[in-house]
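Read off the chains here:
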Amino acid sequence: MTIKIQIELIGWLKRYSPEEDPVMIELMFPETVDKIFIKAGIPREEIGIIKAGENRLSLNHLISEDIYMVAYPTILGG
Amino acid sequence: MFYEKYIKVLYVDLNNEKIEISHRHDLYEYLGGVGVASKLLEENIKPDLDPLDPAQPIVFAIGGATSVFPVITKTVAMFISPLTGELGESYAGGRLALTLMMAGYDAVVITGKSKRPSYLSISRNNIEIKDARAFWGINSDEVGGLIREREGGSGKRSIIRIGQAGENLVSYASVCVDTYRHFGRLGLGAVMGSKYLKAISVIGDRDMPVENFKEYFKVYQDINKKVTATEIMAKYHDAGTPINVEPLNAAGGLPTLNLKQNSFEHASDISGEAFAKNNLVRKMACTGCPVGCIHIGQFRREFDKGHEYEAISVGYDYELIFSLGTFLGIKTSDEILEIIDVVEQYGLDAMSVGVVLGWATEALEKGLVSLEDTLVPLAFGNAQGYMDAIKNIAWRKNEFYILLGQGADKASDIYGGKDFAMTFAKNEMSGYHTGYGIILGSVVGARHSHLCNGGYSLDQSMKEFDKEKLVEDIFAEEKERCMLNSLVICLFARKVYDRETILAALNSIGREITNEELTELGEKIYATKLRIKKMLGFDQSAVKLPKRLFETPSLYGELDEDTAYELIDMYVERTKSLA
């Protein structure tokens with residue numbers, strides 16, 4: 001069975017999907033957030049935090065149903 | 001200096017106009033930078049005297065590979081902070097590190113007080129203390145031009161100077177370095193002002209032949225490729241740190257209206273993208289850096305009736321947009337640049353002054369102070385009011401502004417409002433309300449800055465909240481940054497300079513050092529800093545946190561006060577292993 005994943009990219013991350021916003025992916029469940037981002041072609045080191053609604057998701061969080069995620073870039077600074 | 005097995009220290013005694021040069025073989029093991037500077041500070045401080053007593057030292061130091069590899073561009077300054085009363089440590093880029101190296105000095109120690117306003121002129125074969133009475137009272141931008149005209153000379157030149165805030169001993173006065181860079185934090189400007197030292201001019205003109213050019217150049221090219229041909233540094237050049245506005249705002253980690261809020265409804269008007277689109281006119285780099293992360297923005301100012309305008313250029317970055325923008329409710333990029341310009345002219349730390357004004361605005365709202373005190377109607381979003389207030393701080397206009405000039409902690413001691421005076425151990429907060437990492441990191445960081453250990457970064461990267469891991473990570477990062485800062489590598493490039501790269505760079509210029517020795521060095525420097533802080537009476541366990549941190553949800557969610565204090569206690573225990 002497939003699930004639909006939508007990823008909204010914030011700020012600098014938009015460069016990884018200039019044509020599609022949010023990024024739409026369909027895949028077999030369950031899958032980790034980490035693998036989903038690999039499939040979306042977004043480098044892990046560029047991702048700061050990931051949220052679904054008010055919840056913060058870790059990269060090893062398992063996704064087993066349709067979801068809308070927001071990905072924020074790493075914060076820059078010294 | 002590389003190839004030489006000693007640290008060349010220039011001692012300047014302003015009291016007696018006495019100059020000494022010492023070749024310190026005993027300091028060689030510290031590499032340079034903060035390693036050397038912290039030892040020199042420890043040797044010269046007078047713990048029983050006021051931070052602004054003329055006997056207190058200012059120490060500047062560069063690193064053992066300054067300017068010979070990309071992005072190793074900074075100079076460290078160490079002093080006793082008049083803002084916190086303890087360790088003062090600040091970094092600046094520009095041309096200062098290169099010129100000190102080319103003038104032949106690894107470190108400079110300045111003590112005493114001139115009989116009259118003066119400036120220090122440093123070159124390879126001549127050190128002079130010169131009369132600056134004509135420059136006293138002049139803003140930091142203008143005095144740079146005047147000294148440039150007077151000094152002349154050839155070679156690489158750097159001029160660092162203070163504005164009126166430094167002259168008037170505002171506790172968070174900054175030092176301007178080559179117009180667009182600063183020793184911003186913790187009040188070095190006031191320490192220079194207390195010594196009647198308006199400026200320092202450095203001219204360097206010596207050659208630096210490389211012994212094994214083939215090996216050196218290979219390492220140089222490898223590093224340069226990492227800096228320029230990969231994504232690591234690209235963001236810093238592109239829109240720069242202002243791109244933080246958008247994600248921090250969206251995620252709820254952007255300190256707004258004195259941290260009454262964690263996001264700002266006008267954030268999109270002052271985001272990195274907005275600045276780039278509306279104001280960005282130029283990108284600049286420190287000497288020796290191919291990145292060009294200094295973003296210069298321009299705004300128009302009407303200087304006379306009849307549509308007479310001038311274009312003013314000022315540097316901007318994320319921290320300034322936070323402190324003089326979101327924190328004060330300023331809604332346009334033009335207004336933020338205009339406020340930055342006033343801060344620049346008078347020579348203040350932009351972060352501290354913004355956070356201090358955030359406290360003052362709320363204190364006026366709550367009736368803790370009155371318009372009789374503030375003289376101007378401080379209100380979130382009122383840019384003109386803030387510009388007037390900044391001048392009042394620099395000029396110490398009345399009792400209220402004298403206290404504001406000593407920081408939010410001091411002002412709230414007198415007027416109340418401690419719960420919303422957003423400081424960590426008396427240093428005003430940085431622009432990240434990201435979670436426990438930034439709170440713990442700012443409290444225990446040697447200089448109470450986000451730069452000590454990158455607590456905000458750990459808040460993002462931590463997979464699950466784990467107290468022990470957070471304490472351990474901050475402890476490790478603090479030590480690692482002591483090592484990096486002994487070379488005075490720009491911390492933006494910390495991912496470029498991994499251990500392997502550092503060892504390759506140092507070995508290629510004749511400095512044999514091992515990975516284990518780098519680790520030991522970081523620990524030794526951190527231990528020195530902790531000793532200095534203890535000597536000056538600082539007690540991490542006694543730090544009180546403003547309640548507002550726990551009232552406004554962070555990027556991490558709501559934070560628990562007891563957990564924050566527990567983390568501090570755990571960290572204090574952890575540092576005992578260094579004693």
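Going by the structure above, here's the rest.
Worth saying up front: this structure is predicted, and the values here are computed from it rather than measured. Numbering of residues begins from 1 in every chain and follows the order in which that chain's sequence is written. Each chain takes a letter, starting from A, and each ligand takes a number, starting from 1, following the order in which they are written. Per-residue local features are limited, in this predicted model, to residues with pLDDT of at least 70; the limit for side-chain atom pairs, both in listing and counting, is 80 or more; totals at the level of whole chains, interfaces and linings are taken over all residues. Hydrogens are left out, water is left out, and the side-chain values use all remaining heavy atoms of the structure.

## Let's talk about the packing of aromatic side chains
All names here are of chain B.
Then, in step 1: Note on ring pairs: Phe, Tyr and Trp rings are taken, using the six-membered ring of Trp, and paired if centres are within 6.5 Å. Classes follow the plane angle, with under 30 degrees stacked, over 60 edge-to-face and the rest tilted. According to the stated counting rule, one finds 22 aromatic pairs over all chains in the structure shown.
Then, in step 2: With a centroid separation of 6.4 Å and an interplanar angle of 65°, the aromatic rings of Tyr436 and Tyr556 are classed as edge-to-face. Note that Tyr436 is positioned in helix H17 (residues 436-444) and Tyr556 in the loop between helix H22 (548-551) and helix H23 (561-575), a separation of 120 residues in sequence.
Then, in step 3: Cluster of aromatic residues (ring-pair linked, three or more members): Phe69, Phe213, Tyr216, Phe217 and Tyr220.
Then, in step 4: Looking at Lys366, its charged tip hangs above the ring of Phe420, at a distance of 5.0 Å from the centre.
Then, in step 5: Lying over the aromatic face of Phe538, Lys533 brings its terminal NZ or CZ to 4.3 Å of the ring centre. Only DSSP runs of H or I covering at least 4 residues are called helices, and only runs of E covering at least 2 are called strands; the numbering of each starts at the N terminus. Geometrically, a lysine NZ or arginine CZ counts as sitting over a ring once it is within 6 Å of the ring centre and also within 35 degrees of the ring normal.

## Here we look at the interface of chain B and chain A
Then, in step 1: For this analysis, residues touch if any pair of their heavy atoms sits within 4.5 Å. Listed by partner, the interface residues are 29 residues for chain B and 20 residues for chain A.
Then, in step 2: Carbon and sulfur atoms supply 57% of the area buried between chain B and chain A, which totals about 2,200 Å² over both sides.
Then, in step 3: Here, a salt bridge means any side-chain nitrogen of Lys or Arg that lies within 4 Å of a carboxyl oxygen of Asp or Glu. In this structure, the connection of chain B to chain A is made through 3 salt bridges.
Then, in step 4: In this structure, A:Glu46 engages B:Lys235 in a salt bridge whose closest nitrogen and oxygen atoms are separated by 2.6 Å.
Then, in step 5: Definition of a polar contact: a pair of N or O atoms within 3.5 Å, with one able to donate and the other able to accept a hydrogen when the atoms are protein atoms, and with sequence-neighbouring residues admitted only if both atoms are side-chain atoms. Between chain B and chain A we count 12 residue pairs in polar contact (both at pLDDT 80 or more) in total.
Then, in step 6: Put simply, the parts of the chain that give the side of chain B that touches chain A at least two residues each are helix H7 (234-237), helix H8 (245-251) and helix H18 (455-461) of chain B.
Then, in step 7: With 5 residues, the top contributor of residues to the side of chain B that touches chain A is H8(B).
Then, in step 8: The class makeup of the residues in the side of chain B that touches chain A is 15 nonpolar, 5 polar and 9 charged. Here the quantity called buried area is the total loss of accessible area, with a 1.4 Å probe, experienced by two parts when brought into contact, counted for both. Any residue outside Ala, Val, Leu, Ile, Met, Phe, Trp, Tyr, Cys, Pro, Asp, Glu, Lys and Arg is labelled polar, Gly included; the first ten of those are nonpolar and the last four are charged.

## Re the sheet that holds strand S8 (residues 126-131) of chain B
Residues and elements named next belong to chain B.
Then, in step 1: Two strands are counted as paired when DSSP detects at least two bridges linking them. One open sheet holds the 6 strands; their spatial order is S8-S7-S12-S9-S10-S11, and the pairing between them is mixed. This sheet does not close on itself; its edge strands, each paired only once, are S8 and strand S11 (181-183). Averaged over all pairs of adjacent strands, the angle between their axes in this sheet comes to 20°, without regard to strand direction.
Then, in step 2: Pairing analysis gives 3 bridges linking strand S10 (residues 175-177) to S11, with the strands arranged antiparallel. Bridging across to S11, Val177 finds its partner in Arg181.
Then, in step 3: Packing of helix H3 (residues 140-151) onto the sheet brings it into contact with strand S7 (118-123), S8, strand S9 (156-161), S10 and strand S12 (197-204), and relative to S9 it is tilted by some 140°. Note on definitions: angles span 0 to 180 degrees between N-to-C directions of axes, and those axes are lines fitted to C-alpha atoms, for helices only across the stretch in contact.

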